[in-house]
Amino acid sequence: MKLKATALAVMLATSSGLMLSGCKTSSLAPEANTAESVVINKSEIDKRSYQYKLLDNGLKVMVISDPDADKAAAALDVHIGHLADPKDREGLTHYLEHMLFLGSKKYPTVGEYGEFIKKHGGFNNAGTGQEHTNYFFQIDNDYLEPALDRFSRFFIDPLFDPEFVQKERNAVHSEYKLKVKDSWRRFNEAVKQTANQEHPFTQFSVGNLDTLSDKEGSTILETVKEHYKKHYSAGIMSLVVVGNYPTEQLMQWAESKFSPVPNNGYQIDSNRPAPFLDNQQGVKIEIKTLEDSRQLTLQFAAPSNKPYFEQKPLAYLGHLIGYEGEGSLVQLLKQKGYIKSLGMGSYGPDDFVPMTVYVDLTPKGYQNIDEIVSNFYSYVDLIKTDGIKKSTFDELAKIRKTAFKFQEKFDVAYLASSVAGNMQYYPAQHALDVGSVYKDFDKKLIKSYLDQITPEKMRMIVVAPDVKSDIKEERYDVPYSMKPLSEANLTSWNKAPKIAELSLPNANPYIASNLTLESNKSVTEPEKVYSEPGFNVWFENENEFGLPKSSLNIRLYSDKIGANPQYRAAVTLHDKIVDDLLSAESYPAQVAGLYYSVSGFSRGYDINVQGYSEKSNKLLSKVISTLNPDLITQETFDRIKLNLIQEYKNNKFEWPIRQMYSALYEEVYETTLSDDVYIAELNKLNLATLKSVVKDVLSEVEAESLYIGNIDKDDVKSMVKTVKSSIDTQFKDGLKTDVKTIQLAENKQKVRDVAIDHNDSTIGYVIQADDDSIEQKAKYQMIAQMLGQRFYDSLRTKQQFGYIVSLRPFNFDNTPGIGFGIQSPKAHPSILKAKIEEFMAQQKDYVNNISAEEFEEHRKGLLSDLEKKLQNSYEKLARLKSDLVEENYQFNSREELIKAVKALTAEQMAEFYASEIASENKRSMVVWNIGKAHEKESSYKASAYDLCQASKCVIEAFN
Ligand SMILES: [Zn+2]
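Just so it is clear, the structure is predicted and the values come from calculations on it, not from any experiment.

**Brief notes about the packing of helix H3 (residues 112-119) against helix H24 (residues 774-798)**
Here is step 1 of the chain: Two numbers describe how H3 lies on H24: the axes approach to 10 Å, and their chain directions differ by 160°. As judged from the angle between their axes, H3 and H24 are roughly antiparallel. Seen along the crossing, H3 lies across H24 with a hand that is right-handed. Residues Gly 114, Glu 115, Lys 118 and Lys 119 of H3 form the contact with H24, whose participating residues are Gln 785, Gln 789, Arg 790 and Asp 793.
Here is step 2 of the chain: Grouping the constituent residues of the contact of H3 with H24 by class yields no nonpolar, 3 polar and 5 charged.

**Here's the deal with the coordination of the zinc ion**
Here is step 1 of the chain: The zinc ion binds to the protein through His 94 (NE2), His 98 (NE2), Glu 175 (OE) and Glu 175 (OE); the donor distances cover 2.1 to 2.7 Å.
Here is step 2 of the chain: In this structure, the zinc ion is coordinated by 4 donor atoms arranged in irregular fashion, with angles at the metal of 52 to 142°.
Here is step 3 of the chain: Site description for the zinc ion: donor spacing in sequence, H-x3-H-x76-E. On the criterion of sequence distance, the pair formed by His 98 in helix H2 (residues 92-100) and Glu 175 in helix H5 (residues 162-178) is long-range, its members being 77 residues apart.
Here is step 4 of the chain: On the basis of relative accessibility, which here comes to 11%, the residue His 98 falls in the buried class.

**A closer look at the environment of Arg 555**
Here is step 1 of the chain: Here Arg 555 lies in strand S16 (residues 549-557).
Here is step 2 of the chain: By relative accessible area, Arg 555 is classed as buried at 11%.
Here is step 3 of the chain: For the pair Arg 555 and Tyr 605, spaced 50 residues apart in sequence, the C-alpha separation works out to 5.7 Å.
Here is step 4 of the chain: Filtering out sequence-adjacent residues up to four positions away, Arg 555 remains in contact with Phe 601, Arg 603, Tyr 605, Asp 606, Glu 702, Ala 703, Glu 704, Lys 881 and Val 885.
Here is step 5 of the chain: At a separation of 2.7 Å, a polar atom in the side chain of Arg 555 contacts the side chain of Asp 606.

**Details of the side chain of His 227**
Here is step 1 of the chain: Looking at the element boundaries, His 227 is found in helix H7 (residues 220-231).
Here is step 2 of the chain: For His 227, a relative accessible area of 4% translates into the label buried.
Here is step 3 of the chain: In this view, His 227 contacts Ile 80, Ala 84, Asp 85, Pro 86, Leu 92, Thr 93, Leu 96 and Tyr 232; residues no more than four positions away in its chain are not counted.

**Considerations on the domain arrangement of the protein chain**
Here is step 1 of the chain: Considered domain by domain, the protein chain is made up of domain 1 (41-258), domain 2 (527-731) and domain 3 (750-957).
Here is step 2 of the chain: Of note, the centres of domain 2 and domain 3, computed from C-alpha atoms alone, are 31 Å apart.
Here is step 3 of the chain: With 34 residues of domain 2 in contact, the opposing surface of domain 3 contributes 38 residues.
Here is step 4 of the chain: For the pair domain 2 and domain 3, the summed buried area comes to about 3,100 Å², and 66% of that belongs to carbon and sulfur atoms.
Here is step 5 of the chain: Residue Asp 606 pairs with Lys 881 through a salt bridge whose shortest N-O separation is 3.0 Å.
Here is step 6 of the chain: Between the two partners, domain 2 and domain 3, sit 6 residue pairs in polar contact (both at pLDDT 80 or more).
Here is step 7 of the chain: Contributions of two or more residues to the side of domain 2 that touches domain 3 are made by strand S15 (535-540), S16, strand S18 (604-612), helix H20 (656-668) and strand S19 (700-709).
Here is step 8 of the chain: In terms of residue count, H20 provides more of the side of domain 2 that touches domain 3 than any other element does, 11 residues in total.
Here is step 9 of the chain: Class assignment of the residues belonging to the side of domain 2 that touches domain 3 gives a composition of 17 nonpolar, 7 polar and 10 charged.

**Considering the sheet that holds strand S21 (residues 750-753)**
Here is step 1 of the chain: One open sheet holds the 6 strands; their spatial order is S23-S24-S22-S25-S21-S26, and the pairing between them is mixed. Pairing within the sheet leaves two strands with one partner each, and these edge strands are strand S23 (804-809) and strand S26 (947-948).
Here is step 2 of the chain: Pairing between strand S22 (residues 761-768) and strand S24 (residues 817-824): 8 bridges, direction antiparallel. Note on S24: the bridge partner recorded for Gly 764 is Gly 821.
Here is step 3 of the chain: Across the face of the sheet, helix H25 (residues 829-849) comes into contact with S21, S22, S24 and strand S25 (923-929) while running at roughly 40° to S22.

**Thoughts on a negative patch on the surface**
Here is step 1 of the chain: A cluster of acidic side chains, namely Asp 770, Asp 771, Asp 772, Glu 775 and Glu 886, defines a negative patch on the protein surface.
Here is step 2 of the chain: Following the sequence through the fold, Glu 886 ends up in the loop between helix H27 (873-885) and helix H28 (893-903).
Here is step 3 of the chain: Its relative accessible area of 36% is what places Glu 886 among the partly exposed residues.

Criteria and cut-off values
- Residues numbered from 1 in each chain as written.
- Predicted model: local features only at pLDDT ≥ 70, side-chain atom pairs only at ≥ 80, totals over all residues.
- Heavy atoms only, no water.
- Axes fitted to C-alpha atoms, helices over the stretch in contact; angles between N-to-C directions.
- Helix = DSSP H or I, 4+ residues; strand = E, 2+ residues; numbered from the N terminus.
- Parallel < 35°, antiparallel > 145°, perpendicular 65-115°, else oblique.
- Left-handed = near helix turned anticlockwise from the far one by under 90°.
- Contact = heavy atoms within 4.5 Å.
- Nonpolar A, V, L, I, M, F, W, Y, C, P; charged D, E, K, R; others polar.
- Donors = N, O, S within 2.8 Å, 3.2 Å for Na, K, Ca; no water.
- Tetrahedral: all angles 85-135°; square planar, octahedral: opposite > 155°, others 65-115°.
- Buried < 20%, exposed > 50% of the residue type's maximum accessible area, 1.4 Å probe, protein only.
- Polar contact = N/O pair within 3.5 Å; in protein donor to acceptor, adjacent residues only side chain to side chain.
- Domains from an automatic or database assignment.
- Buried area = accessible area lost by both parts, 1.4 Å probe.
- Salt bridge = Lys/Arg side-chain N within 4 Å of Asp/Glu carboxyl O.
- Pairing = 2+ DSSP bridges.
- Patch = residues over 30% accessible without salt bridge, like charges linked within 9 Å, V, L, I, M, F, W, Y side chains within 5 Å.
- Areas by Shrake-Rupley, 256 points an atom, 1.4 Å probe, with all protein chains shown as cover.
- Lys, Arg positive; Asp, Glu negative; His and termini not counted.
- Charge placed at Lys NZ, Arg CZ, Asp CG, Glu CD.

Written out as structure tokens, the structure is:
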């Protein structure tokens, strides 16, 4: 893959009139033959070791030895994506991704790989993008070698089993159907119609039964095999392996298992025509959306920015254009009541980057689009004259370098996947730190990108529900239109006036300078260190992550909200308003690595502040004091209320399976209300009522807080002081209310039928334990572990009922259970229900006769999930918080569960399965929707089911 920056710039310059100055010739390709000598840039506190090697077959390999990792992982990235699809075979690359993992010569059994991974505490996945297909898995360290062996064979001798050709076509088709109403998909597919059809990015990426059918002279099986042979070449692959083994061992495995991957000399060819023709720039494109929402997108094509990873011209521009602090474009447009949010993104294929400004509009903004665009150009002019400064670049560099140095860990599978992707574009040396490399401030280069932002080059895309057009994108059924911008618009935007309210960002006050670690870490388990009536704080400062950060959660409990619809709607709206009021302040904090969240829920307010300890009190004080309802103006109230109502209305465009789960939660939790209830309450709510509700709720609260990280006990005192001085309330005990969940009865199954406007049918089938003992929790977790993959293999892979098929633990607050979920384009939910029950019955044999060895493997797999080390302070806070909320002040629920899982026997599980799952006496409930495709199902007799349609059909069961 030799993509030369200069060649690209020249190509784009000649083909679409773009010109770049300050052209650097940084190589896009990893250096050839540098072998083991490459030193990988890593954070100075990073304890991992890295080694890079280019194998003889041209495969780029990075191994990562992490002595602290309790999981291992691998990822393989192939530098081909849907842009490589043949014109008459759209979706082929994606289909190939699906077909690849269905057995190899050495491991021919379909599903064996997935089961092996799952059994050993892992997961696996893959994704197809514009230019890449990325495969990855994670697994217990002990099983890395055999997992790698299985994984490697898919790139050496996959079987492409003919039996599954048809089945996986169905899976791809279901995936296409699932997202047919997705606003993002609809937007993208319509935009593609307004671009140069000779450019492959305009092709349909997912594929369906139509594009993947057998054709005369080319069966799909032959076609997919050829596609594989042609593109899956070691020379365009990168591999990352992570584990707690020495680098030498990891490299030896990588080399021995992946050296046989063939290299056929395939070269990436990014020599493509211009993405947009002349008459596709300087245009207004309108796209009809199904949802009640309006967006404005401004798009400007530019040469790929990947060669300029050391100069970061687009990160620089994105920072300024998307800035949300005082004086920003965002604040100006919010104050006018025009927008909900605005941001800039720049993600594109290898040959160009669409610099894209996304604006989420309010209805008022939709009426004033021309003014918004004019304000945008006023701001762009301000940047052009005064905004390209070394000081801003240096500030960004400092923030990113600090972030890289003190970055949190996350799942090693995602680490492997992202590093493998980076290795395709950047020198191996920068595979980790590419995001924080800010080497040369290059004013000319930044300016050259900024110069692409002109009305003449703009593609102004308006998405709204009332767009009318006779032209349609066919696959997603999206009406759209395109016409040139008027001369009047072009002239006025070229001379956008100076606006006094607009200014460039000042120095960021949230950048932490004290990044030293507290030395006397002593409290290694949460300890109550502060207590007075109505205010309790648990604290811990064991510095297991070695970062100068802290995490704070504070819950302000109130007993006044509960299931009261008016109060629920009011506090939910209030938290959105607080977010809005804080945005100018919180944005620079976020940029500097300090985050907060506020949510109003049935039991009060839940507030988190996380990030560099030094400045967290400053942000906390701001957040708490903003809860004061007297700060809310009529304008803010009206705007945010409208946004929230829209959000609830638009939930009906969510995937059916998600809507089904929402309905399920409404049944399960007494305090979960339906979207319709929220909408009705919000419509009734005025500002005065909101203020009085919030004042009532906050007049007395019970505060419970958890504060952990790089802090000491004095920090706890000052946190308490901050909270108390920022809010006017009475702290009082006894305001933490109970959570009420449904208690299902034995042998009495109701089916709630929900209306979802979609072709597919969905079902959620849950089974509840009869008590909340730790033994029951262990059993339900174990049964989901034993049967999860089998359910997927049976209902999805073999019987092909749908793309989304799952069996997982399902908790009714503290009472355990399991839940089966399916979304199906193929069958009526009554059939899905019967199939789930058939599966349950069939598995009796399996559970009864499981070998001791297999049982132990499942146990080990489950334990490895439960015993998984915490990787960062976010995970730690979440885990401790769930114990605190449940009033487990020993903070040991996980340890207890582990003990209970270790004590389980196969006989107990068999008995449990027969009496509580595959049993007439099970406590179960079903929520389903009948898809449009199955409305006329003749075998379905509604009277055979205990159907109820309104929410809370089993409300009497709440205790
Ligand atoms: Zn897929």
